[in-house]
Amino acid sequence: MTQNILDKEAEKVNSAEQQIMNHPDEHEQMAKNAKQATDFMKAMAHESRLMILCYLSGGEKSVMELEQLLALRQPTVSQQLARLRLERLITARRDGKTIYYSIADDRALKMMEVVYDIFCKNKDSV
């Protein structure tokens with residue numbers, strides 16, 4: 001039975017590969033999408049940036065709040081926030097002297113939900 005499932009999955013892969021070979025435009029678009037996805041995941045692939053996004057997925061936070069939550073110094077937090085802003089994953093708003101950050105990209109929010117589901121939710125039962 002397992003071999004039958006594997007055979008069916010292999011047929012799907014072969015069919016997808018054949019479709020790509022027959023439509024080079026789709027291959028080109030897939031390559032562009034893969035590059036975009038890689039860049040997106042690289043921006044998130046840092047422990048501090050991932051933690052920042054995790055905290056921001058719960059709502060807007062100030063730089064000071066993030067410093068305290070992460071137990072990191074302000075220059076380190078600012079450096080990671082700058083990278084996330086550069087990638088347009090977060091946005092900032094100023095209120096007097098305080099800068100507040102929030103998630104600006106719905107994909108980042110969705111990704112944080114997936115990361116939470118896989119790595120955080122019911123972690124004791126794994």
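Residues numbered from 1 in each chain as written. Predicted model: local features only at pLDDT ≥ 70, side-chain atom pairs only at ≥ 80, totals over all residues. Heavy atoms only, no water.

## Considering the overall build of the protein
The helix and strand inventory of the protein stands at 6 helices and 3 strands. Going from the N terminus to the C terminus, the protein shows its helices and strands as α-α-α-β-α-α-β-β-α. Counting every position in the protein, which comprises 126 residues, the buried fraction comes to 21%. Long-range contacts, defined as pairs at least 24 residues apart, comprise 51% of the intrachain contacts of the protein with a sequence gap of at least 6. (Helix = DSSP H or I, 4+ residues; strand = E, 2+ residues; numbered from the N terminus. Buried < 20%, exposed > 50% of the residue type's maximum accessible area, 1.4 Å probe, protein only. Contact = heavy atoms within 4.5 Å.)

## Quick notes on the side chain of Ser 48
As for its placement among the helices and strands, Ser 48 is situated in helix H3 (residues 47-56). Judged by its relative accessible area of 14%, Ser 48 falls in the buried class.

## Section: the layout of surface pockets
Estimated volume of the largest pocket: approximately 170 Å³. What lines the largest pocket is simply Ser 62, Val 63, Met 64, Glu 67, Ser 78, Leu 81, Lys 97, Thr 98, Ile 99 and Tyr 101. Put simply, the parts of the chain that give the lining of the largest pocket at least two residues each are helix H4 (63-70), helix H5 (74-86) and strand E3 (98-103). A breakdown of the residues in the lining of the largest pocket according to their chemical character gives 5 nonpolar, 3 polar and 2 charged. (1 Å grid on protein atoms, 1.4 Å probe; cavity = no way out; pocket = protein on both sides within 12 Å on 5 of 7 lines; lining within 4 Å. Points joined across faces, edges and corners; volume = space filled by probe spheres on them. Nonpolar A, V, L, I, M, F, W, Y, C, P; charged D, E, K, R; others polar.)

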